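Per-entry structural report
If you want the building blocks of each chain, they are given just below.
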Amino acid sequence: MHALRDCSICAQVWKNVVPSDMLVEFFTADQDKWIKMNLNYRANANSNWSNIWITACHALWTWRNLEEHNEDYKRPLDPIVHILRRGKEYSQAVNLFKIVRIDYSAKNLICWKPLTKNMIKLNIDGASNSDKLGVSEGLHLLKKLGYAQVEINVDSMIVVKAIEEGKVDCLAKHSLVDRKLVIYKEAPQYVRQLLDLDDAGIVTPTVFFE
């Protein structure tokens, strides 16, 4: 507490930046109360006080350590202006980050949704070449198994366009020639847990950034 608040150099800085209605308690509170009161302080005129306080603590501690270990170091000539400017910049950065997250992110709940009766889902995810092979081989396999109604989930527009134009058979011809198709009779262990969560109806929150 002495190095951050009670020494004469720090105290002089604090007296010029601490809100007047908490000035007395600021210098008398114990460590735990001191931290909580500064983090939780709210007032119209000092709505960003917690940011200024954090910035000031960091600056005062940094300056003290630099003085202790570097005899040539000199503190800023006007530490109060320096702290207030950095506190304002920090507040602006925090607010900008909040705006960016609100504007460019969306939170979705991801889970498997049961299909209607007599339908099956073919889910393909990956690069466009592997998508082509996956859709082509997947449809051929499902046809052999007797499925006539298939819902396809794929993230490649090239594949989607080919399906819409009825060119499914040509997809594999333009795929990776050395790609091998592996068919699992049971789900591999590394996806078993995800399937169990889906089966139990448990959704997973996921944030997407556009």
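To be clear, the structure that these remarks concern was listed above.
A brief look at the structure comes next. (Residues numbered from 1 in each chain as written. Predicted model: local features only at pLDDT ≥ 70, side-chain atom pairs only at ≥ 80, totals over all residues. Heavy atoms only, no water.)

With that settled, the discussion passes to the overall build of the protein. Across its full length, the protein holds nine helices and four strands. Element order for the protein, N to C, with α for helix and β for strand: α-α-α-α-α-α-β-β-α-β-α-α-β. A total of 210 residues make up the protein; the buried ones form 25% of that total. Partitioning the intrachain contacts of the protein with sequence separation of at least 6 by distance along the chain shows that 62% fall at a separation of at least 24. Element-wise, carbon and sulfur atoms account for 55% of the exposed surface of the protein, whose accessible area totals about 15400 Å². (Helix = DSSP H or I, 4+ residues; strand = E, 2+ residues; numbered from the N terminus. Buried < 20%, exposed > 50% of the residue type's maximum accessible area, 1.4 Å probe, protein only. Contact = heavy atoms within 4.5 Å. Areas by Shrake-Rupley, 256 points an atom, 1.4 Å probe, with all protein chains shown as cover.)

All right, on to the packing of helix α4 (residues 31-40) against helix α5 (residues 49-69) then. It is at 7 Å that the axes of α4 and α5 come closest, and there the two elements cross at 130°. By the angle between their axes, α4 is oblique relative to α5. The segment α4 lies against α5, with Trp-34, Ile-35, Asn-38 and Leu-39 engaging Trp-49, Ser-50, Trp-53, Ile-54 and Cys-57. In terms of residue class, the contact of α4 with α5 is built from seven nonpolar, two polar and no charged. (Axes fitted to C-alpha atoms, helices over the stretch in contact; angles between N-to-C directions. Parallel < 35°, antiparallel > 145°, perpendicular 65-115°, else oblique. Nonpolar A, V, L, I, M, F, W, Y, C, P; charged D, E, K, R; others polar.)

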